[in-house]
Amino acid sequence: MLAEYEFREIPIHVFKTEKNISEFPVKFHKQLEICYILDGILDAEIEGKKRTLKKGDLYLVFPNIPHAVFNSSASVLIAIIDGEIVHSYHEILSHQKPKDAVITSDKLNPCVESLFHQIYDFYMQDSPFRSTVLHSLFNALLGTLLNTCNTVPRNSENELIEKILIYFSDHFTEKIALEDVAKKFNYSKYYISHIINDTLHCNFSALINSYRISLAQNLLISTSKSIGEIATECGFQNQSSFNRVFAKQVGFSPCKFRSKRERYSKTLEMKEK
């Protein structure tokens, strides 16, 4: 299954869900993701390995690792954070990965649940110390988790795909060719194509478009820019190619996507009233 890039502007995103959380397809992003199971059962797929998590279990997904959730009846706490928040662990996040991304309840330090709840509570507060406290709590949480789980070095292909994905995240709105990436990292274009296909199960063009469409979805939701403006900003040569690629990846046109999200937001506002 094609792994899709998920664009996120917010450096810290923490949320709690009730049972029957939404399933999401295989995705990857440049942030660290931690998911703690409060209750119920959750089936996850991380780097192609399927796992079932129950109450008290946790998964730890390092940056740019493909993962998905499906068949869930769980309520969970999820935190998605930029590496800058836990910069002390930069080397580990960049060059290693958990030997097992799932930490079961019997191996988890008892303080983890308390730390996670503190993070959620402070995230929801409007406090002048919010950012400082969250940084400290996240560093304490990650340090505790890394002390529990074993990490292993990413192999040469892991490290190369990581560098490629970071390069894409900085340049995907520009005109990029496979030959340019091959020259940048001093490999043949055939080898670059191979590791993209092998790791993310898509070709070069699909990967670039995944970055662009993720940004486009964000802009369609958060701005009033025209479809044409968004197409140009995301790196498409024209609006017709943008519409075609967007519809293929998302399932409907950019215009319909925007109207659906607007209706959904209005429905939520009415419920809150």
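This text gives an overview of the structure that appears in the document. Note that the structure is a prediction, hence the values are computed from the model and not measured.

### So, the overall build of the protein
Tallying secondary structure elements over the protein gives ten helices and twelve strands in all. The globule rule puts the C-alpha radius of gyration for 273 residues at 19 Å, and the 19 Å found for the protein is close to it. Across its three principal axes, the protein shows a C-alpha extent of roughly 55 × 55 × 40 Å. Among the 273 residues that make up the protein, the fraction classed as buried is 46%. Seen as two clouds, the 32 positive and the 32 negative side-chain charges of the protein have centres 5 Å apart.

### Digging into the pattern of salt bridges
What the rule picks out here adds up to nine salt bridges. A salt bridge links Glu47 to Lys97; its shortest N-O distance comes to 3.2 Å. Within this pair, whereas Glu47 is found in the loop between strand E5 (41–46) and strand E6 (49–54), its partner Lys97 is found in strand E10 (residues 96–98), the two being separated by 50 residues in sequence. Since its relative accessible area comes to 37%, Glu47 is described here as partly exposed. By relative accessible area, which is 16% here, Lys97 ends up buried. Residue Asp100 pairs with Arg51 through a salt bridge whose shortest N-O separation is 2.6 Å. Highlighted residues: Asp100 in the loop between E10 and strand E11 (102–103) and Arg51 in strand E6, separated in sequence by 49 residues. Judged by its relative accessible area of 35%, Asp100 is partly exposed. Taking the relative accessible area as the measure of exposure, Arg51 reaches 29% and is therefore partly exposed.

### So, the sheet that holds E5
Pairing in this open sheet of five strands is mixed, and the strands run E1-E3-E8-E5-E6 from one edge to the other. Across the chains shown, the open sheet's two edge strands, defined by having one partner strand only, are strand E1 (4–5) and E6. Inspection of the sheet shows strand E3 (residues 24–28) paired to strand E8 (residues 67–70) by two bridges, in the antiparallel sense. Across the sheet, Phe24 pairs through a bridge with Val69, a residue of E8.

### Brief notes about the environment of Arg258
Considering the arrangement of structural elements, one finds Arg258 in helix H10 (residues 254–272). The spacing of Arg258 and Ile227 is 31 residues in sequence and 9.8 Å in space, taken between C-alpha atoms. Leave out the neighbours within four places in its chain, and Arg258 touches Leu219, Leu220, Thr223, Ser224, Lys225, Ile227 and Ile230. A polar side-chain atom of Arg258 sits 2.9 Å from the main-chain carbonyl oxygen of Lys225.

### Side note on the pairing of E6
With six bridges connecting them, E5 and E6 associate as antiparallel partners. Its bridge partner being in E6, Ala44 is matched across the sheet by Arg51.

Reading the values: the criteria
Residues numbered from 1 in each chain as written. Predicted model: local features only at pLDDT ≥ 70, side-chain atom pairs only at ≥ 80, totals over all residues. Heavy atoms only, no water. Helix = DSSP H or I, 4+ residues; strand = E, 2+ residues; numbered from the N terminus. Rg over C-alpha atoms; globule rule 2.2 N^0.38 Å. Buried < 20%, exposed > 50% of the residue type's maximum accessible area, 1.4 Å probe, protein only. Lys, Arg positive; Asp, Glu negative; His and termini not counted. Charge placed at Lys NZ, Arg CZ, Asp CG, Glu CD. Salt bridge = Lys/Arg side-chain N within 4 Å of Asp/Glu carboxyl O. Pairing = 2+ DSSP bridges. Contact = heavy atoms within 4.5 Å. Polar contact = N/O pair within 3.5 Å; in protein donor to acceptor, adjacent residues only side chain to side chain.

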